[in-house]
Amino acid sequence: AQSVTQLDSHVSVSEGTPVLLRCNYSSSYSPSLFWYVQHPNKGLQLLLKYTSAATLVKGINGFEAEFKKSETSFHLTKPSAHMSDAAEYFCVVSRPYNTDKLIFGTGTRLQVFP
Amino acid sequence: ETGVTQSPTHLIKTRGQQVTLRCSSQSGHNTVSWYQQALGQGPQFIFQYYREEENGRGNFPPRFSGLQFPNYSSELNVNALELDDSALYLCASSVDRGEKLFFGSGTQLSVL
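What this report covers is the structure whose coordinates are included nearby. (Residues numbered from 1 in each chain as written. Chains lettered and ligands numbered in written order. Predicted model: local features only at pLDDT ≥ 70, side-chain atom pairs only at ≥ 80, totals over all residues. Heavy atoms only, no water.)

### Quick look at the state of the cysteines
We count it as follows: Two cysteine sulfur atoms make up a disulfide if the distance between them is within 2.5 Å. Every helix listed is a DSSP run of H or I at least four residues long, and every strand listed is a run of E at least two residues long, numbered separately from the N terminus. Partly exposed residues are those whose accessible area sits between 20% and 50% of the maximum for their type, while under 20% is buried and over 50% is exposed, using a 1.4 Å probe and protein chains only.
Applying the stated criterion to the full structure yields 2 disulfides over all chains. Note on cysteine connectivity: A:Cys23 is disulfide-linked to A:Cys91, with sulfurs 2.0 Å apart. Judged by the sign of its S-S torsion, about -65°, the cystine formed by A:Cys23 and A:Cys91 is left-handed. Linking A:Cys23 in strand β4 (residues 23–26) with A:Cys91 in strand β10 (residues 87–95), this pair joins segments that are 68 residues apart in sequence. The class for A:Cys23 is buried, based on a relative accessible area of 0%. A:Cys91 gets classed as buried once you look at its relative accessible area, which sits at 0%. Between the sulfur atoms of B:Cys23 and its disulfide mate B:Cys91 the distance is 1.7 Å. Of note, the bridge from B:Cys23 to B:Cys91 carries an S-S torsion of about -55° and is left-handed in sense. Pair noted here: B:Cys23 is in strand β3 (residues 19–24) and B:Cys91 is in strand β9 (residues 87–94), with a separation of 68 residues, a long-range link. Each member of the pair, B:Cys23 as well as B:Cys91, is classed as buried.

### As for the interface of chain A and chain B
The following threshold applies: Whether two residues are in contact is decided by their heavy atoms: any pair within 4.5 Å suffices. As a working definition, buried area equals the accessible area (1.4 Å probe) given up by two parts on being put together, with both sides summed. Throughout this description, a polar contact denotes any pair of N or O atoms lying within 3.5 Å of each other; where both atoms belong to protein, one of them has to be capable of donating a hydrogen while the other can accept it, and for residues adjacent in sequence the pair is counted only when both atoms sit in side chains. Just so you know the grouping, Ala, Val, Leu, Ile, Met, Phe, Trp, Tyr, Cys and Pro go in nonpolar, Asp, Glu, Lys and Arg go in charged, and all remaining residues, Gly too, go in polar.
Contacts between chain A and chain B engage 19 residues on the former and 21 residues on the latter. Summing both partners gives a buried area of about 1600 Å² for chain A against chain B, and 52% of it is carried by carbon and sulfur. Across the contact surface, chain A and chain B share 2 residue pairs in polar contact (both at pLDDT 80 or more). For the side of chain A that touches chain B, the secondary structure elements donating two or more residues are β5 (32–38), β6 (44–50) and β11 (98–104) of chain A. Broken down by element, the side of chain A that touches chain B gets its largest block of residues, 5 residues, from β11(A). Of the residues in the side of chain A that touches chain B, the class split is 7 nonpolar, 8 polar and 4 charged.

Here it is as structure tokens:
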């Protein structure tokens, strides 16, 4: 069975400093992994996805994530936070090429202070 | 902004009532998935419709049901509402059950 664990429910950073949102996964298959972002009163938006082509995945808005099989991790990073990055971030796992069921983590709320 | 629209945006019902939520998928998309997001939690998969047929269901009771229409819009119906059904209900559309989902802004359902 697949699952994801987001290790921090809240992360606070200052504008211009690096962002690290941590995610560990569990999967009996070779997983597809995603990060989604949810801004208030807006729909979920795909930031990036990993599907085994490359371990370092670049996404939108300067975010990237590294797949580490040995650590079963898929942490999301950004070198420099912007105020507009403040939102809820979800780590997501699904079976490869079978997204009839996305499994979401519980989310990490990112706060960015000026 | 995606082309997925959900209605209504907010809804208040009482226990035991029935509710219908609606979703218009993005143009060209033939797959619709529904998710329930309780407060402080990640979304949970309810079910998916592909070309008007149910194509996968999560761990939700039969009182959660759905439809997909020939224009690929969709409805989520919940009967005999319970307090725990209070949540944000999200609809997502995609092409041919693909992995790139486009989410609507959701319907916030409150059950009193």
